[in-house]
Amino acid sequence: MDEFASAKQKIKELAAELTNSPLNEATTRIRIIDRLLIECLGWKHGDITNEPYHAGDYADYELGQPATEMIVEAKKEGYYFSIPAGLEGRRQIDIATLLEDANAGKAVKQVLKYCQERGVPIAVATNGRQLVAFYASRQDGVPPLQGRALIFSSMQEMHDDFQVLWGNLSREGVAMKNLQRALLGRSIQAMAPGKLSDEISNYPGFRARTSLETDLKTLGDLFLQDLGSSSGPLSKEFVEKCYTQNDALSQYATVSKEILRSRYAALRDAAEVESEPATTRKGINQKLTATIMTEALSRRPLVIVGDVGVGKTMFLRNLIEVEARELLGNAYVFYIDFGREPALSNDLKAYVLERLVDQLREVHSIDIEEGAFIRDVYKTELARFAKGVFGPLAQSDPAQFQMREIERLQQLAGRTDEHLKASFDYLKTRKRRSPVIVLDNIDQRPPEFQDEIFLIAQSLADGWPGTVFVTLRPSTLYESKTKGSLAAYQLRVFTISPARVDRVILKRLEWAYEQLTESQESGAFATRFTINASAMQAYLDVLIKAFTEDRELNEILDNLSGGNVRTALEFLTTFIGSGYVSTSRVLEVAGRGSIYTVPTHEFIRAIVFGDYDYFYPSASKICNVFDISTDDGREHFLMCLVLAHIERAGVAAGRSGYIDVANVYRYAQELGFTQEQTGSQLVRAKDWNLIHAPEGRNMEGPFRITTVGSYMHKSMVKRFAYVDAMIVDTPITDIAFRRLITNIFPVRERIDRAEKFRSYLDQQWLKLGSSDSGTAFDWPTASGQLRADLELAKEKAERAVSRRTNWY
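Residues numbered from 1 in each chain as written. Predicted model: local features only at pLDDT ≥ 70, side-chain atom pairs only at ≥ 80, totals over all residues. Heavy atoms only, no water.

**Considerations on the overall build of the protein**
Turning to step 1, where the next piece is worked out: When its secondary structure is counted, the protein shows 36 helices and 19 strands.
Turning to step 2, where the next piece is worked out: Relative to its 808 residues, the protein shows a buried fraction of 54%.
Turning to step 3, where the next piece is worked out: Partitioning the contacts of the protein with sequence separation of at least 6, the portion at a separation of at least 24 is 74%.
Turning to step 4, where the next piece is worked out: For the protein, the computed accessible surface area is about 35200 Å², with 48% contributed by carbon and sulfur atoms. (Helix = DSSP H or I, 4+ residues; strand = E, 2+ residues; numbered from the N terminus. Buried < 20%, exposed > 50% of the residue type's maximum accessible area, 1.4 Å probe, protein only. Contact = heavy atoms within 4.5 Å. Areas by Shrake-Rupley, 256 points an atom, 1.4 Å probe, with all protein chains shown as cover.)

What follows is the structure, given as structure tokens:
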């Protein structure tokens, strides 16, 4: 029997069981309403909250998870609703008609109050035998008491017209918004109107660079990233000069220090693993250096865990080549980077072993296939062989004995895994040198690949000499620990926190400057570039000055990168040679003996637009917080409202800054937003790294704010450079403003357009009615600061025009 048929049978049985004896409110709930909701309408026990408290009142039921979708007010059985003559049997009735009856009117107004206080859309009043359902929280401008209600006058009507009851008030029916269609006479809220970008024929366009800017971009990539990532002779020098300690908290993050400190706290609970920070304020954690040796004895790999871009690879290179160099001085270090390795064959173990053999030969000058080495490795086996059945041949037929001996050596060295293990054992015993094997960036591969690599790491650690490192992301560790290959093992985990972005950037720039100077002195600087070494040095001087002295620029880079060093470096290299930065002016100022000051708006435009003429969300790392999913202009603020609420409530709640997703939905509902609007913005916030959920939880939460999310609602929305870029990607719900906001390029006209956009947002905020509600995000305040930034931009543009210079 399917769920619908089963539920219909249950309501038939329930009607038959009821007696004529009157029931009080509690008994009505237990005997009728509980069964009606769970057995007959398919709601789960986990969906239902009994008598939740809110603002001094208790509702009888709240239904829906994580967001409340319906409130049910239970009245005692003798509390009857009188339906005017001639209206019995109708499924819909004007609520105004119901209000004519005192009992019905009291029940309707009571549940309406609960719903409006909580922002819940569907209200139900029932005594178990009669039921009234209506929309209590509407966004169409119609007062709820002037709307219509779904009504069942008896249990028999519920049974006879069960398809209507089920279709509108069952768990699935509520999820499908069937009652909204039935009572409001319309479908789910209309989609947002089109964007200005839809009308631009060449959108997103491509920002042309001059030959000077193109060459600068190429050299920026070369000196800031490529050289530092090479495995050649620069590697050790790069690590020594560019490694930045990972224990210091950001000085520019706009979130609380407690959130920064508790980065991996949720992982310990979710994956049930014990972990230690890999670094302390005094340097490398001494437990880690001690563990490098002891874990070789306990036969398990060391797991290094860190978020994307925090510097796991850099940490390991520094550990091996600098910090623990003395400790590992007699070690053979092997490094396999699966982020750089080409596509691999199906036999991963054979591939790993092959790379170990290659590196032993190429890096450590030991060829395990060399005859003399093989004889040394198997000296004991050869002695035993000489005493065996072929021993007499050594005297009677030396040539034959030698052939038999070679065959035996071929057998011993024939299997790569056994021969490599024997070679490592030999090197440890005879040379007193053990291997240290690093399997890095395996989390850039598919999950099944990661599981197999970890099993290989486990087999290398178990029974082989030496120490094995494996690097993972927290999400990868969680998945593998709860569902994959790591579930069967007791792990030794060390976590990597992000390095301070400002220090990383400065060290990279200073190192690039040194490399550039050396290449210039040696004549190695390529003559094919239109920019010479001196000009490149002048450009680096600009950046070094900016990131040494400009707090605002550091704040932007630190927060928008979210602690991801890789992203911060990408932002930096995007700025270098960007078509949004006047390179010729930078060099012109340098030619006068001065150092150009980087305006923050140039940096923001460079990282927001990238290589395009317009903001292109598919290619940008910056989120448009004004984007909407419906034709409701109030939704322009929902992202910022949610972000600010998560941040404020998270700080107040402790728990490492996390708050339950139900808390977020409830908050948004109280402001009048639908669950679909809130859900859409939460998904976007999660996808754009504005909020974070513990590993394995995804959209079910709980959530906490990230530095990116915090900076977006606190700072970016108040900047002309950001708002100007977002206009083409933001639907305008007011047709009058939509006609005023057009595609333009001159800076003065874009400032005027941004002012119109600000006025449009001001009007939409008034519809929200939240100016006195104590919301954590207040658009009027942000609007005032945006207006001030627009005035400043206008002044600079006017000065630029007077100098006949392109300022913006």
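Moving on from the model shown.
**Digging into the pattern of salt bridges**
Turning to step 1, where the next piece is worked out: By the definition in use, this model includes 29 salt bridges.
Turning to step 2, where the next piece is worked out: With its nearest N and O atoms 2.4 Å apart, the salt bridge here joins Lys177 to Glu676. Remark: Glu676 occurs in helix H31 (residues 675-687) and Lys177 occurs in the loop between helix H7 (171-175) and helix H8 (178-184); sequence separation between them is 499 residues.
Turning to step 3, where the next piece is worked out: Residue classification places Glu676 among the partly exposed positions, given a relative accessible area of 33%.
Turning to step 4, where the next piece is worked out: The partner of Asp502 in a salt bridge is Arg500, with the nearest N and O atoms 2.7 Å apart.
Turning to step 5, where the next piece is worked out: In this structure Asp502 comes out as buried when scored by relative accessible area, which is 8%.
Turning to step 6, where the next piece is worked out: Arg500 gets classed as buried once you look at its relative accessible area, which sits at 11%.
Turning to step 7, where the next piece is worked out: Connected via shared salt-bridge partners are Arg605, Asp724, Arg750 and Arg753. (Salt bridge = Lys/Arg side-chain N within 4 Å of Asp/Glu carboxyl O.)

**Brief notes about the environment of Val108**
Turning to step 1, where the next piece is worked out: Locating Val108 in the fold gives a position in helix H4 (residues 102-118).
Turning to step 2, where the next piece is worked out: Along the sequence, Val108 and Val132 sit 24 residues apart, while their C-alpha atoms lie 8.1 Å from each other.
Turning to step 3, where the next piece is worked out: Look past the residues within four positions of Val108 in its chain and what remains in contact with it is Ile95, Leu99, Phe134 and Leu145.

**Topic: the packing of helix H15 (residues 348-362) against helix H20 (residues 416-430)**
Turning to step 1, where the next piece is worked out: Close contact between H15 and H20 brings their axes to 10 Å; oriented N to C, the two are set at 40°. Taken together, the axis directions place H15 and H20 in an arrangement best described as oblique. For the pair H15 and H20, the crossing hand works out as left-handed. Contacts between H15 and H20 pair Lys349, Leu353, Leu356, Val357 and Leu360 from the former with Thr416, Asp417, Leu420, Phe424 and Leu427 from the latter.
Turning to step 2, where the next piece is worked out: Its residues assigned to classes, the contact of H15 with H20 comprises seven nonpolar, one polar and two charged. (Axes fitted to C-alpha atoms, helices over the stretch in contact; angles between N-to-C directions. Parallel < 35°, antiparallel > 145°, perpendicular 65-115°, else oblique. Left-handed = near helix turned anticlockwise from the far one by under 90°. Nonpolar A, V, L, I, M, F, W, Y, C, P; charged D, E, K, R; others polar.)

**Some words on the side chain of Arg753**
Turning to step 1, where the next piece is worked out: Note that Arg753 resides in helix H35 (residues 747-768).
Turning to step 2, where the next piece is worked out: In this structure Arg753 comes out as buried when scored by relative accessible area, which is 4%.
Turning to step 3, where the next piece is worked out: Setting aside its immediate chain neighbours within four residues, Arg753 contacts Leu196, Asp724, Ile727, Val728, Ile741, Thr742, Asn743 and Ile744.

**Things to note about the sheet that holds strand E6 (residues 92-94)**
Turning to step 1, where the next piece is worked out: Here seven strands make up an open sheet; going across it, the order is E1-E4-E5-E7-E8-E9-E6 and the pairing mixed. Here the strands that pair on one side only, and so sit at the sheet edges, are strand E1 (48-50) and E6. Along the sheet, successive strands turn relative to each other by an average axial angle of 25°, direction set aside.
Turning to step 2, where the next piece is worked out: Relative to strand E9 (residues 148-152), E6 is paired through three bridges, and the arrangement is antiparallel. Residue pairing in the sheet places Asp94 in a bridge with Arg148 of E9. (Pairing = 2+ DSSP bridges.)

**Some words on unusual backbone geometry**
Glycine aside, residues mostly have negative phi angles, and peptide bonds mostly take the trans form.
Turning to step 1, where the next piece is worked out: A cis amide bond, omega 0°, links Tyr203 with the succeeding residue Pro204.
Turning to step 2, where the next piece is worked out: For Lys177, which is not glycine, the phi torsion reads 60° and is therefore positive.
Turning to step 3, where the next piece is worked out: By relative accessible area, Lys177 is classed as buried at 10%.
Turning to step 4, where the next piece is worked out: In this structure, Arg432 is a non-glycine residue whose phi angle is positive, near 60°.
Turning to step 5, where the next piece is worked out: The class of Arg432 is exposed, set by a relative accessible area of 69%.

**Concerning the packing of H15 against helix H21 (residues 447-461)**
Turning to step 1, where the next piece is worked out: Where H15 contacts H21, the two axes come as close as 10 Å, and the packing angle between them is 55°. One element, H15, and the other, H21, form an angle in the oblique class. Classified by chirality, the crossing of H21 by H15 is right-handed. Residue-level contacts link Leu348, Lys349, Val352 and Leu353 of H15 to Phe449, Glu452, Ile453, Ile456, Ser459 and Leu460 of H21.
Turning to step 2, where the next piece is worked out: Tallied by class, the residues present in the contact of H15 with H21 amount to seven nonpolar, one polar and two charged.

**Here's the deal with the packing of aromatic side chains**
Turning to step 1, where the next piece is worked out: Applying the stated criterion to the full structure yields 25 aromatic pairs.
Turning to step 2, where the next piece is worked out: Summarising the aromatic geometry, the rings of Phe4 and Trp166 are spaced 6.0 Å apart at their centres and angled 85° between planes, so their arrangement reads as edge-to-face. Taken together, the residues Phe4 in helix H1 (residues 3-17) and Trp166 in helix H6 (residues 162-169) connect sequence positions 162 residues apart.
Turning to step 3, where the next piece is worked out: Taken together, a centroid distance of 5.8 Å and an interplanar angle of 85° make the contact between Tyr203 and Tyr616 edge-to-face. Remark: Tyr616 occurs in the loop between helix H28 (600-609) and helix H29 (638-653) and Tyr203 occurs in the loop between H8 and helix H9 (211-229); sequence separation between them is 413 residues.
Turning to step 4, where the next piece is worked out: Judged by its relative accessible area of 21%, Tyr203 is partly exposed.
Turning to step 5, where the next piece is worked out: By relative accessible area, which is 27% here, Tyr616 ends up partly exposed.
Turning to step 6, where the next piece is worked out: Linked through ring pairs, Phe626, Phe637, Tyr722, Phe737, Phe757, Tyr760, Trp765, Phe777 and Trp779 together constitute an aromatic cluster. (Phe/Tyr/Trp six-rings, centres within 6.5 Å; stacked < 30°, edge-to-face > 60°.)

**Observations concerning the pairing of strand E13 (residues 302-305)**
Turning to step 1, where the next piece is worked out: Burial along E13 is two-sided: the residues Leu302 and Ile304 and Val303 and Val305 are all buried.
Turning to step 2, where the next piece is worked out: One ladder, built from four bridges, connects E13 with strand E16 (residues 467-472); its direction is parallel. Counterpart to Val303 in the pairing with E16 is Val470.
Turning to step 3, where the next piece is worked out: Judged from the four bridges that link them, E13 and strand E17 (residues 492-495) form a sheet pairing that is parallel. Pairing of Val303 across the sheet is with Val493, part of E17.

**Looking at the nonpolar core**
Turning to step 1, where the next piece is worked out: Ranked by internal contacts, the top residues of the largest apolar core, which has 106 residues, are Phe547, Phe626, Tyr722 and Phe777.
Turning to step 2, where the next piece is worked out: If one sorts the elements of this core by residue count, H29 sits on top with nine residues.
Turning to step 3, where the next piece is worked out: Judged by nonpolar contacts, the second largest core, of 43 residues, contains Phe338, Tyr378, Leu412 and Ile442. (Core = buried A, V, L, I, M, F, W, Y, C linked by side-chain atoms within 4.5 Å.)

**Comments concerning the side chain of Thr583**
Turning to step 1, where the next piece is worked out: As for its placement among the helices and strands, Thr583 is situated in helix H27 (residues 583-591).
Turning to step 2, where the next piece is worked out: Ignoring sequence-local partners within four residues, the contact set of Thr583 consists of Leu212, Glu213, Leu216 and Tyr539.

**Looking at helix H25 (residues 551-561)**
Since there are 3.6 residues in each turn of an α-helix, residues three or four apart along the chain are aligned in direction.
Turning to step 1, where the next piece is worked out: Of all eleven residues making up H25, eight are buried, and the element is well covered by its neighbours.
Turning to step 2, where the next piece is worked out: Along H25, the positions that sit buried rather than exposed are Leu553, Asn554, Ile556, Leu557, Asp558, Asn559, Leu560 and Ser561.
Turning to step 3, where the next piece is worked out: Two or three places before Glu552, at the opening of H25, Asp550 has a side-chain oxygen 3.0 Å from that residue's backbone nitrogen.
Turning to step 4, where the next piece is worked out: Remark: Gly562 follows H25 within two positions and exhibits a positive phi of approximately 60°. (Polar contact = N/O pair within 3.5 Å; in protein donor to acceptor, adjacent residues only side chain to side chain.)

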